[in-house]
Amino acid sequence: MRVLGIDFGFKRIGVAVGETGAGVASARPPLEAAGALKRDAERISLLARREEADAIVVGLPLEKGVEGRMARICRTLGEHLASLGERVEFVDESLSSVEAEATLRGDDLKASQRRKLRDGEAARLILERYMHEEASR
């Protein structure tokens, strides 16, 4: 199954694409956030169709296992995507941006280069978590 991973942010939306059968995910360039969840959902849905994704996996930022304000916003984004006919899954994305930054630091990139790649790397990690959870079921 082909899946699109989303790391939602108010400025940029991290994107990655993966194949669950192969367990492989790769980052894509981020989308600039539109400032309106419905518009962001429309753009993500369009991208999912272009990528021929069967599902969209939205990272859910939990705070010590509890859904806070940002998690509710991500759930609302998921609702908008579902209303557009998309299959939406959620996965805990706790610390994915921190892990992404650490991975990119290991690649010996400049801060400006890491900033450009961080959102996609976080979305890739979200997809890896999702695929790992799916494989464990």
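All of the points below concern the structure found in this document. Predicted model only: the values in this text are computed from it and were never measured. (Residues numbered from 1 in each chain as written. Predicted model: local features only at pLDDT ≥ 70, side-chain atom pairs only at ≥ 80, totals over all residues. Heavy atoms only, no water.)

### Brief notes about the pairing of strand β4 (residues 55-60)
What counts is decided by this rule: Burial here depends on accessible area, computed with a 1.4 Å probe over protein chains only, as a share of the maximum for the residue type. Under 20% is buried, over 50% is exposed, and the range in between is partly exposed. Helix numbering and strand numbering both begin at the N terminus, where a helix is a DSSP run of H or I of at least 4 residues and a strand a DSSP run of E of at least 2.
Burial within β4 is extensive, with six of its six residues counted as buried. Going residue by residue along β4, you find A55, V57 and G59 tucked away on one face and I56, V58 and L60 tucked away on the opposite face as well.

### A short note on the packing of aromatic side chains
What counts is decided by this rule: Two aromatic rings, drawn from Phe, Tyr or Trp (for Trp, its six-membered ring), form a pair once their centres lie within 6.5 Å of each other, and the interplanar angle then sorts them: stacked below 30 degrees, edge-to-face above 60, tilted otherwise. Counting as a charge over the ring demands two things of the Lys NZ or Arg CZ atom: a distance within 6 Å of the ring centre and an angle within 35 degrees of the ring normal.
This model, assessed by the stated rule, comprises one aromatic pair. Considering the side-chain rings of F8 and F10, the 5.8 Å spacing of their centres and the 80° angle between planes classify their relative orientation as edge-to-face. Given a relative accessible area of 48%, F10 falls into the partly exposed group. Its guanidinium or amino end placed over the ring of F90, R75 lies 4.6 Å from that ring's centre, counting from NZ or CZ.

### Quick look at the sheet that holds strand β2 (residues 12-19)
Just so we agree on the cut-off: At least two DSSP bridges between two strands are needed for those strands to be called paired. To get an axis, a line is fitted to the C-alpha atoms, and for a helix only the part in contact is used. The angle between two axes follows their N-to-C directions and goes from 0 to 180 degrees. Residue contacts are counted whenever heavy atoms from the two residues lie within 4.5 Å of one another.
Strand order in this open sheet of five strands is β3-β2-β1-β4-β7, and the pairing throughout is mixed. In this open sheet, the two strands that pair with only one neighbour each are β3 (24-32) and β7 (88-92). Adjacent strand axes in the sheet meet at a mean angle of 25° when their direction is disregarded. For β2 and β3, the ladder comprises seven bridges, and the chain directions are antiparallel. Its bridge partner lying in β3, A16 is registered against A27. With respect to the sheet, helix α1 (residues 37-50) is in contact with β1 (2-7), β2, β3 and β4, its orientation differing from that of β3 by roughly 140°.

### With respect to α1
Our working rule: Given the number of residues in a helix, its expected span is that number minus one, multiplied by 1.5 Å. Each C-beta atom gives one direction from the helix axis, and the arc is the one those directions make.
Taking 1.5 Å as the rise per residue, α1 with 14 residues should run 20 Å; its terminal C-alpha atoms sit 20 Å apart, in good agreement. Within α1 the residues assigned to the buried category are D40, A41, I44, S45, L47 and A48. Buried residues of α1 fall within an arc of 160° about the axis and therefore sit on the same side. Facing away from the buried side of α1 by more than 90 degrees, the exposed set consists of K38, R49 and R50. Of the surrounding elements, those touching the buried residues of α1 are β1, β2, β3, β4 and α2 (69-83).

### Quick word on the side chain of E86
Operational definition: The definition of a polar contact used here is a pair of N or O atoms within 3.5 Å, where within protein one atom must be able to donate a hydrogen and the other to accept one, and adjacent residues in sequence count solely through side-chain atom pairs.
Checked against the element boundaries, E86 lands in the loop between α2 and β7. Of note is the side chain of E86, whose polar atom sits 2.6 Å from the side chain of S45. Residues in contact with E86, not counting those within four places in the same chain, are S45, A48, R49, I56 and L81.

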